[in-house]
Amino acid sequence: MTDKPRTGGCQCGAVRFRIHGELGHPSICHCRMCQKQFGSLFGAFVTAPKDGVEWVREEPAYFQSSVNIARGFCPRCGTPMTYKHPEGLEISIGSFDDRSDLAPKVQINHAARLPWIEAIFETSAHENPDYYRRQEQIISFQHPGEETANWPEHGLKL
Ligand SMILES: [Zn+2]
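All values reported here derive from a predicted model rather than from experimental measurement.

J.: Lay out the overall build of the protein chain in plain terms, naming residues and giving numbers.
T.: When helices and strands are tallied, the protein chain shows two helices and ten strands. Seen through its principal axes, the protein chain has C-alpha atoms that stretch 40 × 40 × 30 Å. Counting over 158 residues, the protein chain shows a buried share of 23%. Residue pairs in contact within the protein chain that sit at least 24 positions apart in sequence constitute 59% of those at least 6 positions apart.

J.: With reference to specific residues and values, describe the sheet that holds strand 8 (residues 80-85).
T.: Within a sheet, neighbouring strands are paired by backbone hydrogen bonds and run either parallel or antiparallel to one another. The strand order 6-7-8-9-4-3-10 describes an open sheet built from seven strands, whose pairing is mixed. Single-partner strands in this sheet number two, and they are strand 6 (61-64) and strand 10 (106-108). Between one strand and the next, the sheet's axes are offset by a mean angle of 30 degrees, whatever the strand orientation. Direction of pairing for strand 7 (residues 70-73) relative to strand 8: antiparallel, over a ladder of four bridges. If you follow Gly72 over to strand 8, its bridge partner there is Thr82.

Rules used in this analysis
- Note on numbering: residues in each chain are counted from 1, in written sequence order.
- Residues qualify for local features only when their pLDDT is at least 70, as the model is predicted, and side-chain atom pairs are given and counted only at 80 or more; totals for whole chains, interfaces and linings, by contrast, use all residues.
- Only DSSP runs of H or I with at least four residues qualify as helices, and only runs of E with at least two residues qualify as strands; both kinds are numbered from the N terminus onward.
- Put plainly, a residue is buried at 20 or more neighbouring C-beta atoms within 10 Å of its own, exposed at 12 or fewer, and partly exposed in between, counting only other residues' C-beta atoms, which are placed from the backbone.
- In this description, a residue-residue contact is defined by the distance between C-beta atoms placed from the backbone, which must lie within 7 Å.
- If DSSP finds at least two bridges between two strands, the strands pair.
- Lines are fitted to the C-alpha atoms to define the axes, a helix being fitted only along its stretch in contact, and any angle between axes, read from their N-to-C directions, falls within 0 to 180 degrees.

Shown next, in the form of structure tokens:
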């Protein structure tokens, strides 16, 4: 991980990052604030190395969610990006270009989890071939996710 910095960014590509150094523990958090920040069932973060985050284009905007905590997001597309606390910075796992080795190792605020959270992966998989055929034809305006010099190429205003 020391040769090539890990990269990631928001959905629109306005906020991109490079990580220099080793990442800490990946985790999920069930607290109500993480649910709200992500608009989802839990938050998922990995600890960034101290002073090891380089913002490439723009930096996240912040919402001060409590006395010591601020939560970062892309000011243009809203992607949840960071959790800033007095000891450091966490980065949202979903914003990394390569997330394959970032399996969460611990569940924070486990007591606050949704009562049905363990059951969600027992639900049936959506298996309509027409849906997936249409999905393949989507014209995406999402940043492609790797380091791209000429982004945006389709006229999106950043
Ligand atoms: Zn964005």
